[in-house]
Amino acid sequence: MSGAGGRGCGSPVPQRAPWSLVAATAAFCLVSATSVWTAGAEPMSREEKQKLGNQVLEMFDHAYGNYMEHAYPADELMPLTCRGRVRGQEPSRGDVDDALGKFSLTLIDSLDTLVVLNKTKEFEDAVRKVLRDVNLDNDVVVSVFETNIRVLGGLLGGHSLAIMLKEKGEYMQWYNDELLQMAKQLGYKLLPAFNTTSGLPYPRINLKFGIRKPEARTGTETDTCTACAGTLILEFAALSRFTGATIFEEYARKALDFLWEKRQRSSNLVGVTINIHTGDWVRKDSGVGAGIDSYYEYLLKAYVLLGDDSFLERFNTHYDAIMRYISQPPLLLDVHIHKPMLNARTWMDALLAFFPGLQVLKGDIRPAIETHEMLYQVIKKHNFLPEAFTTDFRVHWAQHPLRPEFAESTYFLYKATGDPYYLEVGKTLIENLNKYARVPCGFAAMKDVRTGSHEDRMDSFFLAEMFKYLYLLFADKEDIIFDIEDYIFTTEAHLLPLWLSTTNQSISKKNITSEYTELDDSNFDWTCPNTQILFPNDPLYAQSIREPLKNVVDKSCPRGIIRVREESFRSGAKPPLRARDFMATNPEHLEILKKMGAASSIDAEDGLRFMQEMIELSSQQQKEQQLPPRAVQIVSHPFFGRVVLTAGPAQFGLDLSKHKETRGFVASSKPYNGCSELTNPEAVMGKIALIQRGQCMFAEKARNIQNAGAIGGIVIDDNEGSSSDTAPLFQMAGDGKDTDDIKIPMLFLFSKEGSIILDAIREYEEVEVLLSDKAKDRAAILKGKMIPSYIINSNPEMENEEQSSPENDSQNQSDEQVSSSSQEVDLVDQESSEESSLNSHPESLSPADTDNVASISPSEQTSDPTENHETTNLNGECTDLDNQLQEQSETEEDSNPNVSWGKKVQPIDSILADWNEDIEAFEMMEKDEL
Ligand code: DMJ
């Protein structure tokens, strides 16, 4: 998601846009804060900002340069194997591959980033390549949503800046709307997706054959996500207004109108997925993250871009509901659309990190600061925002595909507050990217933020969004060759000019205000939140909001579903039975359970929550029974610890989470399957043996290599093409016998990860690896070695020198030869670096800290009442709220034996039907991925 570029309140714009009359774009009003803000965090000097801006430019070159050199014209770069990802040539990763249409996705998504980053010459070259090479007519099924935001948005952003440059008179003089023509061609290709009675688009379309035809292989889907149907209006309206072809804007409006009609009328919330034919909500949970996020974003931005009041009215109505039910500052927690006081989850997903940025645009700064601060603390704990994390800030889904949402919100909060704290946040993001995600061939997504292992993936949004927001964060007005405030950012951070609001307005704007007569007018905020008013004499405003939250993550305590009917306990009702406390052998518990299905609506509500907790608990317990993945880090030249492979653990041998890592050179065992006594013990002695999976038990292989003197083993999958990208990792089981005799650590790699090591052996002969529970700090593992200084210092300029120096082409070059830019890591450096890494990256906390849940059995978890009942206050102190409430209610119950449990009696069938509906929704939710 993204926000609008800002303009000064009342500052002149080329053509006065209707929206500016009501000035709801908070961001532009808040911009002025940057110039007056001086207190709070230490101000950052212009030199420091420029240095960081230059670092962003260099990082972009590293990402874009490697894509262009090793992947283009493929859609994406695979930065570990250093080649292009071509759909059909790699094992399918499921839905995530639907973004790939064989249309050079990363190049198109990067177009306007090149201009923002002042790379005008490169932009001109890139546009020529798009026009020369890109084919939009491939027989491939793509996501309508992704194709719209990344490709249509990319082409329109490119066109917007191409005409701006042409007008300036230096670059793009040859340009004749060619990108716009491509965008129009693509727009027409997407239109058949809207051929439904509801007007909601099918989620996928075949670029060549459209929908439904046998050869299209799509068109039978019944459901789509709300964001998928509700994130079209900016691109489609821009296409209509640029070209005069009104059909695009009409279709996108119709889809939005339908979603609005289908909102849950009492809560004013929308669900995550909807049936495109009937309009029924398929998933009735509702949040601001995955599946819904950019629907809200586009309502507000459609108002900004198109000046249509109805979009603002809709946004404000939803926003009011979000703040009433979903916002539990600093958390944003999903609820049920028809029971909005009930939380639907105990975890949050990473996509919601865009929301503080949207709140800035709305002008609601306080909750934006709070949520952003909470997210930042999660990032400080794990270096990146895991795809999902629990309300007590444990990792729920451990991946991180280099998502830009947090950088985006950081940028908007800096624009709003001018607080240099946000520049320091940006600096940390840059450091973490260079330290943990940068690999020799680009930037790799994190497979698991707990182990620091990588995934062979660099999504196009990393170039479209991350570098834009980071560069803009540190840029002054004069660092950008055009006025960013004349544009709005789409959800993919593509730039659309605000003058479109007054161009080709042939779409009759429905005056639908009358439809809203039942709504409370005070809900609609038409005022311009000016920073001069928001922060009149208090330059420490943002800091004062962050202060109480500063330990919210570190000092949080385990807790379950957090919204409980506290008021009813306080007023004397008995607290409901929680799933985590349930014991099937306890007759009192069984009695309560029976009551839940039979009596009052409150009991039914407790029952619903109980079932929900049971489902979550069981899925959590399944997770916890699995050993966490391990890491194989390649430490020899030219990897120097920068490539980390995700590995499966073994249920036998040395437990890497309890012992120091094992480090050694690798050697292939003979026979390669390791199923009999090795014939090459001298080759594997003191080394880490590579063995192929298959033909005998894992434990037998381990014994054979251990007998030959190996200090560890890596089993590589014999199933060619297998990869942790597409298959779930598993743990290697023993052989059913006592395996205590196996003392060495054993890890498992899928074939793709294994071949990265095998290829390295072919190329560099000597390959040294580290087997551990999580990637180790590079300074620590390279201690005493002669290595290029950029490896330690993350000084990218030196990396460029090193990469381009001819001596580095030599295959067997020793570490010492790397040299002009090498330095020995001495103990002092290493110690200080370890110390600083510990300080600045609390992820270096012991593995037990991140994985301790995995080692606690479910029964242990439920048997510790203090642990389970603790909650946290905003100062991060743990309080025993549940116990207090329990005590209070027990006392009150003693004194009042006739406590009422509610009066409304509901028949059991209806309660059960209600439960089933919710349970089905939960089960579906569990299956769905982001
Ligand atoms: C981007 O493609 C867009 O921002 C989208 O709206 C959701 N998020 C991804 C990046 O995380």
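Residues numbered from 1 in each chain as written. Predicted model: local features only at pLDDT ≥ 70, side-chain atom pairs only at ≥ 80, totals over all residues. Heavy atoms only, no water.

**Comments concerning the overall build of the protein**
The test is simple: In this description a helix means any DSSP run of H or I spanning at least four residues, a strand means any run of E spanning at least two, and both kinds are numbered starting from the N terminus. Throughout, exposure labels follow a simple rule: accessible area from a 1.4 Å probe, protein chains only, divided by the maximum for the residue type, with under 20% read as buried, over 50% as exposed, and the rest as partly exposed. Whether two residues touch is decided by their heavy atoms; if any such pair falls within 4.5 Å, the residues are in contact.
Each helix and strand in the protein was counted, giving 35 helices and 31 strands. Across the 930 residues in the protein, those meeting the buried criterion constitute 61%. Of the contacts formed within the protein by residues at least 6 apart in sequence, a portion of 75% connects residues at least 24 apart.

**Points about the pairing of strand β24 (residues 688-692)**
Moving residue by residue along a regular strand, the side chains alternate between the two faces of the sheet. Put simply, the rule is: Only when DSSP finds a minimum of two bridges between them are two strands counted as paired. Throughout, right-handed denotes a crossover for which the path from the first strand over the helix to the second runs clockwise when the strands point away from the viewer.
Counted residue by residue, β24 has four buried out of five residues, so it is predominantly covered. With three bridges connecting them, strand β23 (residues 662-668) and β24 associate as parallel partners. Within the sheet, the bridge partner assigned to S668 lies in β24 and is L690. The handedness of the β24 to strand β25 (residues 712-716) crossover, carried by helix α25 (residues 698-707), is right-handed.

**Let's talk about the site of the ligand**
To keep it simple, the criterion reads: A molecule or strand has a residue near it when one of that residue's heavy atoms lies within 4 Å. In protein, a polar contact requires one atom able to donate a hydrogen and another able to accept it; more generally it is a pair of N or O atoms within 3.5 Å, and residues adjacent in sequence count only if both atoms are side-chain atoms. In this description, accessible areas are obtained by the Shrake-Rupley approach with a 1.4 Å probe, and a residue is regarded as covered only by the protein chains that are shown. Each residue receives one of three labels: charged for Asp, Glu, Lys and Arg, nonpolar for Ala, Val, Leu, Ile, Met, Phe, Trp, Tyr, Cys and Pro, and polar for the others, Gly being one of them.
Around the ligand there are 10 residues in total, and R403, E405, E465, T491 and E492 lie nearest to it. With respect to the ligand, the side chain of E465 contributes an N or O atom lying 2.9 Å from an oxygen atom. At 2.7 Å, a side-chain N or O of T491 approaches an oxygen atom of the ligand. Contact with the protein chains hides 95% of the accessible area of the ligand, taken as 290 Å² for the molecule alone. Residues of the shell around the ligand, tallied by class, amount to five nonpolar, one polar and four charged.

**Details of the sheet that holds strand β12 (residues 347-349)**
Quick note on the threshold: Axes here refer to lines fitted to C-alpha atoms; in helices the fit is confined to the stretch in contact. Angles between the N-to-C directions go from 0 to 180 degrees.
Spatially, three strands are ordered β12-β13-β14 in an open sheet, and the strand pairing comes out antiparallel. Looking along the sheet, the strands with just one partner apiece sit at the ends: β12 and β14 (395-397). For this sheet, the mean angle separating the axes of adjacent strands, direction not counted, is 30 degrees. With two bridges joining them, strand β13 (residues 388-390) and β14 adopt antiparallel strand pairing. Residue A388 lies in a different strand from β14, and its bridge partner there is W397.

**Examining the nonpolar core**
It is characteristic of soluble globular proteins that their nonpolar side chains tend to be buried jointly. Keep this limit in mind: The nonpolar core is taken to be a set of buried Ala, Val, Leu, Ile, Met, Phe, Trp, Tyr and Cys residues, with the residues joined through side-chain atoms within 4.5 Å.
Counting 185 residues, the largest nonpolar core has Y296, L433, F443, F467 and F482 as the members making the most contacts within it. Looking at this core element by element, the count peaks at 11 residues for helix α7 (residues 144-168). Non-local contacts of F467, meaning those with residues more than four positions away in its chain, are made with V56, M59, F60, A63, T113, L117, F443 and F462. The next biggest cluster of nonpolar side chains, apart from the first, holds 25 residues, and it includes V439, I716, I756 and A760.

**A closer look at the sheet that holds strand β5 (residues 223-225)**
Strand order in the open sheet made by the three strands is β5-β6-β7, with antiparallel pairing throughout. Looking at strand neighbours, the two that pair on one side only are β5 and β7 (281-283), the edges of this open sheet. Strand-to-strand twist of the sheet, defined as the mean angle between neighbouring strand axes without regard to direction, takes the value 35 degrees. Note: β5 against strand β6 (residues 273-275), three bridges, orientation antiparallel. Directly across from C225, in β6, lies its bridge partner T273.

**So, the pattern of salt bridges**
We count it as follows: We count a salt bridge whenever a side-chain nitrogen from Lys or Arg sits within 4 Å of a carboxyl oxygen from Asp or Glu.
Per the counting criterion, the structure on display carries 55 salt bridges. D655 is the partner of R630 in a salt bridge, and the nearest nitrogen-oxygen pair spans 3.3 Å. Of this pair, R630 sits in strand β21 (residues 630-634) while D655 is found in the loop between β22 (643-647) and β23, placing the two residues 25 residues apart along the sequence. Given the relative accessible area of 23%, D655 is considered partly exposed. Salt bridges sharing common partners tie together R46, K49, D476, E478 and D479.

**Looking at the state of the cysteines**
What counts is decided by this rule: In this description, the term disulfide denotes a pair of cysteine sulfurs within 2.5 Å.
Under the definition given, this model contains three disulfides. Note that C82 is cross-linked by a disulfide to C441, the S-S spacing being 2.1 Å. For the disulfide bridge between C82 and C441, the dihedral angle about the S-S bond is near 70 degrees, and by the sign convention the bridge is right-handed. Residue C82 is located in the loop between β1 (76-78) and β2 (83-85), and its partner C441 is located in the loop between β15 (438-439) and β16 (442-443); the two are separated by 359 residues in the primary sequence. Overall, the relative accessible area of 26% leaves C82 in the partly exposed class. Two residues share a disulfide in this structure: C225 and C228, whose sulfurs sit 2.0 Å from each other. When the S-S torsion is 85 degrees, as for the bridge of C225 with C228, the disulfide is right-handed. According to the relative accessible area criterion, C225 is buried, its value standing at 15%.

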